[in-house]
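Listed below, chain by chain, are the residues.
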Amino acid sequence: MAKDGEVQLFGVRGSPFAGRVQVALELKGVQYTYFEEDLRNKSDLLLKYNPIHKKVPVLVHNGRPLAESLVILQYIDETWGNHPIFPQHPYHRALARFWSSFIDDKCLPAITKAAFTANKEEREKGSEESLEALQFLENELKHKFFGGESIGIVDIAAGFIAFWLPAIEEAVGLKLLSSEKFPKLSKWSEEYTNHPVVKENLPQRERVVGFFKARYASIVASK
Amino acid sequence: MEEDKVVLLGSGFSMFGMRAKIALAEKGIKYEYIEEDLTNKSSLLQEMNPIHKKIPVLIHHGRPICESLIIVEYIDMVWHSNSPLLPFDPYLKSQAKFWADFVDQKVYHASRRVWISKGDEQEVAKKDFLESLKHLEEFLGDKPYFGGETFGFVDVALIPFYCWFYTYETFGNFKVESVCPKLISWAKRCMQKESVSETLADEKEVYESVLDYKTRFILN
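Residues take numbers from 1 onward in each chain, read along the sequence in its written order. The lettering of chains begins at A and the numbering of ligands begins at 1, in the order of writing. For a predicted model such as this one, the threshold for reporting local features is a pLDDT of at least 70, and the threshold for listing and counting side-chain atom pairs is 80 or more; totals across whole chains, interfaces and linings nevertheless cover every residue. The basis for every side-chain value is the complete set of non-hydrogen atoms in the structure, without hydrogens or water.

The name given to chain B in an unreviewed UniProt entry is Glutathione S-transferase, with the source organism recorded as Sphenostylis stenocarpa. What UniProt records for chain B under Subcellular location (unreviewed entry) is the sentence "Cytoplasm, Cytosol". UniProt positions are given in the numbering used here, feature names are shortened, and annotations may be inferred rather than shown by experiment. In its Sequence similarities (unreviewed entry) section, the UniProt entry covering chain B states "Belongs to the GST superfamily."

An unreviewed UniProt entry annotates chain A as glutathione transferase of Sphenostylis stenocarpa. Looking at chain A in UniProt, the text filed under Catalytic activity (unreviewed entry) is "RX + glutathione = an S-substituted glutathione + a halide anion + H(+)".

Laid out in structure tokens, this is it:
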């Protein structure tokens, strides 16, 4: 068996969540096999490995499956100690967990509401909530990356903001992440997406924009 | 405040606040508890949790830690030598995190809908709530605790909901025990622990407070 054991990742091309896991694995130089899922026709393996949520990403290490991207990232960091993505100190670790959860619990739902809701008032509310969330992140950014001089868990979680949010903005005609309002976050987005490991693992932008355009069109059509 | 002092901001019958209390009790940590009035949030709460302005907040060395599961993990890391809550093995640790997260994602939201909604919406909520408990019961299997032989992270995450079961059952007209008997046995086992029995609220008091809340906000 390879030194890392057998590592498999079930994902979907273009998924920001599967993307997080890929960045972490690549940063640590872990060899893995990638399986592309079709979410309209989920494989038996996916359903076996993630019977609860039936979602990607799923990481399988030596036959043992794990689901939920932030849980998977913690596992990866504890299993492969090189290039740590979590801080060691309990307090800083708690902060890193807080901000990564903030991305998923506050930023993503607000952005989704701002872009993909039929109701105009809901969309406006979503925009307000998104701007508020982005401001918290802007205030939190004190170095080149959230992780300091090198990328860490919060940067990886916030990858959605760096790459997927601009794609959503282009697809639906929204502007949230402006460099005037969020100079630090905008600069961070550039640094993050140009990081060699991140850049190599980003999906094709046109495809992602296309996906969001189709999603937006279906929302508008269902009005 | 003194450097080493531990302070916990909590409120009423919050199951999230109870998680932090149980973890602190398990570790035998002395702390100051401050009861927050969530209709009139203190300047301390707003300063310590400016993002969410929610409880619980743990303050240690003058620094705040927010979000109940993050607080429990922090407590477990800092006071790691007694009563460990998370397993040492990375895979088992991740499994525990997954299921604790499941409690937040599935159990909590469905349970809220059970006591807030009526009619068809409530029926859907009941089904979702019981289904989520069934998944947890399956994961528990024949183990005495979710943590195995000892009380652990998932036990801490879920047990506070036990004192709310009476509320859900009364509003929803069902009994958890008839669908998840093993889970009720597990809950009663946890209640044998002082850290749990001293922390969990009286189920009738929880019900009265929810009834009062519903009446005041005309949710009937």
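Moving on, there is more to tell.
Here the focus is the overall build of chain B. Helix numbering and strand numbering both begin at the N terminus, where a helix is a DSSP run of H or I of at least 4 residues and a strand a DSSP run of E of at least 2. Scanning chain B from N- to C-terminus turns up eleven helices and four strands. Here the globule rule is a power law, 2.2 Å times the number of residues to the power 0.38, and the radius of gyration is based on C-alpha atoms. Taking 220 residues into account, the globule formula puts the C-alpha radius of gyration at 17 Å, and chain B, at 17 Å, falls close to it. In terms of principal-axis extent, the alpha carbons of chain B reach across some 50 × 45 × 30 Å. Exposed residues in this analysis have more than 50% of their type's maximum accessible area, buried residues have under 20%, and partly exposed residues fall in between, with area computed by a 1.4 Å probe over protein chains only. Counting every position in chain B, which comprises 220 residues, the buried fraction comes to 52%.

Further remarks concern the sheet that holds strand β3 (residues 58-61) of chain A. All names here are of chain A. Any two strands with at least two DSSP bridges between them are considered paired. Strand order in the open sheet formed by four strands is β2-β1-β3-β4, and the pairing between neighbours is mixed. Lying at the two open borders of the sheet, with one neighbouring strand each, are β2 (33-36) and β4 (64-67). On average, adjacent strands in this sheet sit at an angle of 20° to one another, irrespective of strand direction. In terms of strand pairing, strand β1 (residues 7-11) meets β2 through four bridges, oriented parallel. Counterpart to F10 in the pairing with β2 is F35. Most of the contacts of helix α1 (residues 16-27) go to β1, to which it runs at about 155°, and overall it touches β1, β2 and β3. Only the contacting stretch of a helix is used when fitting its axis, a line to C-alpha atoms as for every element, and angles between N-to-C directions run 0 to 180 degrees. Note on definitions: a residue-residue contact is assigned when non-hydrogen atoms from the two residues lie within 4.5 Å.

The next subject is the sheet that holds strand β4 (residues 63-66) of chain B. Residue and element names in this part refer to chain B. Reading across from one edge, β2-β1-β3-β4 is the order of the four strands in this open sheet, with mixed pairing throughout. Two strands in the sheet have a free side with no partner beyond their single neighbour: β2 (32-35) and β4. Taken pair by pair, the neighbouring strands of this sheet meet at an average axis angle of 20°, ignoring direction. Summarising the sheet, strand β1 (residues 6-10) and β2 pair through four bridges and their orientation is parallel. Its bridge partner lying in β2, L8 is registered against Y33. Each of β1, β2 and β3 (57-60) is contacted by helix α1 (residues 15-26), which is oriented at about 155° to β1, the strand it contacts most.

Further remarks concern the packing of helix α5 (residues 119-140) of chain B against helix α9 (residues 181-191) of chain B. Residue and element names in this part refer to chain B. For the pair α5 and α9, interaxial distance at closest approach is 9 Å and the crossing angle is 70°. When the interaxial angle is binned, α5 and α9 end up roughly perpendicular. Of the two elements, α5 crosses α9, and the hand of that crossing is left-handed. In this structure, α5 uses L133, E137 and L140 to contact α9, whose residues at the interface are P181, K182, L183 and W186. Of the residues assigned to the contact of α5 with α9, the class counts are five nonpolar, no polar and two charged. In this scheme, roughly parallel covers angles under 35 degrees and roughly antiparallel covers those over 145, while 65 to 115 is roughly perpendicular and the rest are oblique. Crossing handedness is defined as follows: a turn of the near helix away from the far one that is anticlockwise and smaller than a right angle gives a left-handed crossing, while the clockwise case is right-handed. By the convention adopted, Pro, Cys, Tyr, Trp, Phe, Met, Ile, Leu, Val and Ala count as nonpolar, Lys, Arg, Asp and Glu as charged, and the other residues, Gly among them, as polar.

A separate point is the UniProt feature "domain: GST C-terminal" (unreviewed entry) in chain A. As annotated in UniProt, the feature "domain: GST C-terminal" (unreviewed entry) corresponds to residues 89-211 of chain A in the numbering used here. For residues 89-211 of chain A, the helix share is 74%, the strand share is 0%, and the end-to-end C-alpha distance is 40 Å.

Counting residues at the interface gives 25 residues for chain A and 28 residues for chain B. Here the buried area means the combined drop in accessible surface, using a 1.4 Å probe, for two parts upon being joined, counting both sides. Sorting the residues of chain A by area buried against chain B places A:I52, A:Y91 and A:F98 first, and these three jointly supply 25% of that buried surface. Put simply, a salt bridge is a Lys or Arg side-chain nitrogen that is within 4 Å of an Asp or Glu carboxyl oxygen. Here chain A and chain B share two salt bridges between them. The residue B:E73 makes a salt bridge to A:R97 at a minimum N-O spacing of 2.8 Å. We call two N or O atoms a polar contact when they sit within 3.5 Å, provided that within protein one can donate a hydrogen and the other can accept it, with sequence-adjacent residues counted only if both atoms are side-chain atoms. Along the contact surface separating chain A from chain B lie five residue pairs in polar contact (both at pLDDT 80 or more). No other element matches helix α4 (residues 90-115) of chain A, which puts ten residues into the side of chain A that touches chain B. By residue class, the composition of the side of chain A that touches chain B is 13 nonpolar, six polar and six charged.

A pair of Phe, Tyr and Trp rings is counted when the ring centres sit within 6.5 Å of each other, with Trp represented by its six-membered ring. The angle between the planes then sorts it: under 30 degrees is stacked, over 60 is edge-to-face, the rest tilted. Summed over all chains, the structure comprises 29 aromatic pairs over all chains. Ring plane angle 80° and centroid distance 5.0 Å describe the contact between A:F163 and A:W164, whose orientation is recorded as edge-to-face. For the pair A:F163 and A:W164, a shared accessibility class is recorded, and that class is buried. Arranged with centres 6.1 Å apart and planes meeting at 85°, the rings of B:F129 and B:F165 form a pair that is edge-to-face. Taken together, the residues span a long stretch of sequence, with B:F129 in helix α5 and B:F165 in helix α7 (residues 165-172) at a distance of 36 residues. Accessibility assignment for this pair places B:F129 and B:F165 in one class, buried. A connected cluster of aromatic rings, assembled from ring pairs, spans B:F98, B:W99, B:F102, B:F139, B:F146 and B:W186. We call a charge positioned over a ring when the NZ of a Lys or the CZ of an Arg lies within 6 Å of the ring centre and within 35 degrees of the ring normal. Over the aromatic face of A:Y91 sits the side chain of B:R63, whose NZ or CZ is 4.0 Å from the ring centroid.

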